[in-house]
Amino acid sequence: MSGFATFGNELYTGKRSYDFVGAKKIWFIIAAVGVALSIIIPVAKGGFNLGIEFRGGSEFTVSNVKTTDATIGEKAVTDVVPGSVPRVANVAGNTMRIQTDKLTDDETLKIKQGLTSAYGVTDNEVTSTFVGPTWGADVTKQALIGLVVFVLLAALLMALYFRTWKMSLSALAGMAVTMFITAGVYALSDFEVTPSAIIGFLTVLSYSLYDTVVVFDKIRENTSGIDSSTRRTFGEEVNLAVNQTLVRSINTMMVAILPVGAILFIGAGLLGAGTLRDLSLALFVGILIGTAATIFVAAPMYAWLRQGEPELVKQARRVEQRRAGAERSAPASPARA
Amino acid sequence: MARTGRKKPGLRVLVWLGVILAALTAVLAGGTIAGQASWAPKLALDLEGGTQMILAPKVEGGADINEQQLNQAVAIIRQRVDGSGVSEAEISTQSGRNVVVSLPGTPSAETRNLIQASADMNFRPVLLNGDGAPVPPEKRTPEDQLPKPTAAPANSSDTNWITPEIYKQFEALDCNSPAAEKSERSDPTKPLVTCEPATDKSPAIKYILGPVEVKGSNIVTSSFQLQQGAQGAVTNDWAVNIQFDAEGTAKFKEVTERLNQFYVAAGGESGTDPKAQFAIVLDDQVISAPRALAVITDGRPQITGGFTEQTAKALSDQLKFGALPISFDIQSEQQISATLGGEQLRMGLLAGLIGLLLVVVYSLFQYRALGFVTIASLVVAGALTYLAIAILGWTENYRLSLAGVAGIIVAIGQTADSFIVYFERIRDELREGRGLVSAVENGWKRAKRTVLASKAVNLLAALVLYFVAVGNVRGFAFTLGLTAIADLIVVFMFTHPTLQLLARTRFFGEGHKFSGLDPERLGAVPLYRGAGRVRTPEDRPVVVRSKNTGAAAEAERRMTIAERRLAEKQEQLAGSSKTSAKENK
């Protein structure tokens, strides 16, 4: 811990500094590549692994099974619907999940009976779900509407709070990167995209902006008197703010990700697929990327958007002049930094 | 250390928080004692077990559905579900297009079909009626005396429709016991044996009806009003008006021409020929069977006879539903048995608990004793959230779903973040060389803004998700919003006042090694250290200038060590010794 505190001190005073803003080209290129890959991968793979809610179909859940043999479940389905290819999975300790294509009511009842006797469970331990493909489409549509509304309102809120649209835009850029790469990770890992995952996804966007707002608040504080200061250029000031909030960023990320990770690894390990796992995976990935996007994309982008402003160009020149002057007047300066 | 007016700042706020918590607990306790609330939060169907169906309404002819029609659809389904004896059903509309029906337990195939079926209204002529009770078996018409059709029926009022089977069915029918709902709708081209259920005013009646003659979809609209007497004066009797479309008008004219003949032949007002009646049939049950007193040529019949305002409105509404033959496609049907939900909940809570534990360990590791403030704050936030959920469950019927549980678990991290932002700001202030008391105040001033701004983003997201979202997204969003508010209350009313108090304790105030606010560890060395220790210039990392030089000084205070040294050197060179680091009190 003392190591971490020292780390924090050094970041705070500027003794230790990571050049997030100066090396922005590298980060932007990495982010751009990440985003590009996130678009290319799903296209190349032929889309996401969509959950049953998007494809449509029937799903059975058998709890308290005596055996977790998948072939029993497959047979129970193929006995009723020959030629179908059911997906049978052990989703929790002794719970089986069987997904099929869309079935008729009659077939559903028959398979339900078949599963009851095949797994040796009672009637109410087999549940059936029928999901129409339009359900997923509805969720997606609503999610998209929600996304657009949220982005517009959040952009407005931030522009008003920070009194500059450039912060708003940078924050949204960070969020967009988070969004694309999270989706890309989903496509790459072949995790099922379910409505729960979509919920998680929307929450990630909120987290991403939340994280950015905290860091930007510090940036605003540090740059509030930039016009009359000759200590640092605007970009350096932004970079210092990011460094000064780095410990906060790491701590926040850790604290946010620990419970989510608990659900993901403990919950999913014991429970298998389900609302909790789908939600927590999206959150887990999104929080990691969201934190990184604030530091590597949003903050450098803000510095980049503003560095060309005439006022700041002038200020940067003054900083240079002062530094040159300081060099001359204090040649023996112990330049340790 | 300088003292502000009050001796223990923060104490009053803490007392207020205690009052709020006590009041909420009292409200909940009161509700529980009164038997209306319960200590446990209400669980949604996914945790309690039950079935949720999402229905997409379909209007005949594929027309789009408007909100009013959707609300009618909800009313229709509610009527059906309540009628079939299932209690505690939740029926609501979703995103202005779908109807969500949530039923506890597993609905029977009959219930499912009932929910799915379209509101099926039509007009059939009455062929025969009788007392609602079943004819006792010994009194039933013997096989050889059953009415037999002598010819193919000529029109819908022809008694040749009555076959021996239909007659037997009619005799056996019991209209006094609740009708076992039929899963299939009747064939409109065949006769129908059915009941008019008993009402307050009249006993149950059973009917044999001819094939459908006018469909409900031929109704344009329906209204009800006080009946007008012969002189145009308003009477006290209520009447229901129907307005048919062109097709309905033509057909209804034809029907009333035929039925009115029976009416007149049977002796008009005093006649009893059932064939003068036409039955209005909704979902295969007769809701009214008036007689055709006249030939209606304009498609605007008026039904009169013993209506109250209430019954007139009811019939008028039913006729409107009939004008809207909505059927439903089950888009998604989810049966969640309570055992599965319970297991998920248990695991979810377990995961949440472990997650909480990890957060505790991490905060203790990062913030030492200050970590306990985090933990206490989380406990208070948890208590607030719990009370809010339980009370909302009572007053607003808010039910906690699995997605909601996930929302709470996710909120642990977001709640703890407010403390992190605050603690880091305090540390920043300590690094500047401030004493703890002023570090807490100054840190709070800055953290407050950040916390408010960032929580606004959280709340915004929760609100948008809540209002735009579908299904279980709402539960999740609601919980997220709820915890965000609880978090704000806790940071303002618990964490900050607690730190104000703690800052005045020796343990924290003197920066004990384990307090998490040890200035030495934070790289700040205050001027007065006691124990004979003298601060050397090397120890002094920060040159704190006058505190009130405004925003411009802000940037200067945040120089790198190298810059500070440089600045100091310059100052020394200039002969000015501006090094008196002050506590700024």
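Please refer to the structure placed before this passage.
Description of the structure in this document.

Cut-offs and rules
- Residues numbered from 1 in each chain as written.
- Chains lettered and ligands numbered in written order.
- Predicted model: local features only at pLDDT ≥ 70, side-chain atom pairs only at ≥ 80, totals over all residues.
- Heavy atoms only, no water.
- Helix = DSSP H or I, 4+ residues; strand = E, 2+ residues; numbered from the N terminus.
- Buried < 20%, exposed > 50% of the residue type's maximum accessible area, 1.4 Å probe, protein only.
- Contact = heavy atoms within 4.5 Å.
- Areas by Shrake-Rupley, 256 points an atom, 1.4 Å probe, with all protein chains shown as cover.
- Phe/Tyr/Trp six-rings, centres within 6.5 Å; stacked < 30°, edge-to-face > 60°.
- Lys NZ or Arg CZ within 6 Å of the ring centre and 35° of its normal.
- Axes fitted to C-alpha atoms, helices over the stretch in contact; angles between N-to-C directions.
- Parallel < 35°, antiparallel > 145°, perpendicular 65-115°, else oblique.
- Left-handed = near helix turned anticlockwise from the far one by under 90°.
- Nonpolar A, V, L, I, M, F, W, Y, C, P; charged D, E, K, R; others polar.
- Pairing = 2+ DSSP bridges.
- Salt bridge = Lys/Arg side-chain N within 4 Å of Asp/Glu carboxyl O.
- Core = buried A, V, L, I, M, F, W, Y, C linked by side-chain atoms within 4.5 Å.

Here we look at the overall build of chain A
Each helix and strand counted, chain A has 12 helices and 6 strands in total. For chain A, the proportion of its 337 residues judged to be buried stands at 58%. Within chain A, contacts between residues at least 6 apart in sequence are counted, and of these 79% link residues at least 24 apart. Just so you have it, chain A exposes about 13600 Å², and 64% of that area is on carbon and sulfur atoms.

So, the packing of aromatic side chains
This model, assessed by the stated rule, comprises 21 aromatic pairs over all chains. For the pair F20 of chain A and F296 of chain A, a centre-to-centre distance of 5.3 Å together with 75° between the ring planes defines the contact as edge-to-face. Here F296 of chain A lies in helix 11 (residues 275-306) and F20 of chain A lies in the loop between helix 1 (2-13) and helix 2 (24-45), a separation of 276 residues in the sequence. In this structure F20 of chain A comes out as buried when scored by relative accessible area, which is 6%. Residue classification places F296 of chain A among the partly exposed residues on the basis of a relative accessible area of 26%. Put simply, the rings of Y161, F162, F216, F234 and Y302 of chain A touch in pairs and so form one group of aromatic residues. The residue whose ring lies beneath K206 of chain B is F170 of chain B, and the NZ or CZ to ring-centre distance is 5.3 Å.

Some points on the packing of helix 9 (residues 370-395) of chain B against helix 10 (residues 402-431) of chain B
Residue and element names in this part refer to chain B. Where helix 9 meets helix 10, the axes come as close as 10 Å, and the angle between the chain directions of the two elements is 140°. The angle between helix 9 and helix 10 falls in the class oblique. For the element pair helix 9 and helix 10, the recorded crossing hand is right-handed. Contacts between helix 9 and helix 10 involve L370, V373, T374, S377, L378, A381, T385 and I389 from the first element and I408, I412, T415, A416, F419 and F423 from the second. Here the residues of the contact of helix 9 with helix 10 sort into 10 nonpolar, 4 polar and no charged.

Overview of unusual backbone geometry
Despite not being glycine, R163 of chain A shows a phi value in the positive range, around 55°. As for its position among the elements, R163 of chain A is in the loop between helix 6 (133-162) and helix 7 (165-189). When its relative accessible area of 72% is taken as the criterion, R163 of chain A is described as exposed. Positive phi is not limited to glycine here, since R368 of chain B has a value of about 50°. Within the secondary structure, R368 of chain B sits in the loop between helix 8 (338-367) and helix 9.

A few points about the side chain of Q500 of chain B
Along the chain, the position of Q500 of chain B falls in helix 12 (residues 472-502). In contact with Q500 of chain B, other than residues within four places in its own chain, are P9, G10, V440 and E441 of chain B.

Brief notes about the sheet that holds strand 9 (residues 234-244) of chain B
All names here are of chain B. Taken in spatial order, the 3 strands line up as 8-9-12 in an open sheet, and their pairing is antiparallel. This sheet does not close on itself; its edge strands, each paired only once, are strand 8 (219-228) and strand 12 (302-307). Adjacent strand axes in the sheet meet at a mean angle of 25° when their direction is disregarded. Summarising the sheet, strand 8 and strand 9 pair through 8 bridges and their orientation is antiparallel. Its bridge partner lying in strand 9, S222 is registered against I242.

Re the pattern of salt bridges
Inspection of every chain in the model, using the stated rule, returns 21 salt bridges over all chains. Taken together, the shared-partner salt bridges connect K218 and E221 of chain A together with R425, D428, E429, R431, R434 and R446 of chain B into one network.

Quick look at the packing of helix 8 (residues 195-223) of chain A against helix 9 (residues 234-244) of chain A
Residue and element names in this part refer to chain A. Between helix 8 and helix 9, the shortest axis-to-axis distance is 9 Å and the interhelical angle comes to 135°. The orientation of helix 8 relative to helix 9 falls into the category oblique. Here the hand of the crossing between helix 8 and helix 9 comes out right-handed. On helix 9, the residues touching V215, K218, I219, N222 and T223 of helix 8 are F234, E237, V238, L240, A241, V242 and Q244. Looking at the contact of helix 8 with helix 9 residue by residue, the classes come out as 7 nonpolar, 3 polar and 2 charged.

Looking at the nonpolar core
F150, L209, F216, I219, V238 and V242 of chain A are the most contacted members of the largest nonpolar core, which totals 52 residues. At the level of elements, helix 1, helix 6, helix 7, helix 8, helix 9, helix 10 (246-271) and helix 11 of chain A together with helix 11 (436-468) of chain B are the ones that each hand at least two residues to this core. If one sorts the elements of this core by residue count, helix 8 of chain A sits on top with 9 residues. Other than its neighbours up to four places away in sequence, V242 of chain A contacts F20, V215, I219, I295 and A299 of chain A.

Quick notes on the pairing of strand 5 (residues 192-196) of chain B
Walk down a regular strand and you will see the side chains alternate between the two sheet faces. Residues and elements named next belong to chain B. With 5 of 5 residues buried, strand 5 lies mostly within the body of the structure. Burial along strand 5 is two-sided: the face carrying L192, T194 and E196 and the face carrying V193 and C195 are both buried. The pairing of strand 5 with strand 6 (residues 205-209) spans 5 bridges and is antiparallel. Considered in strand 6, the bridge of E196 is made with I205.

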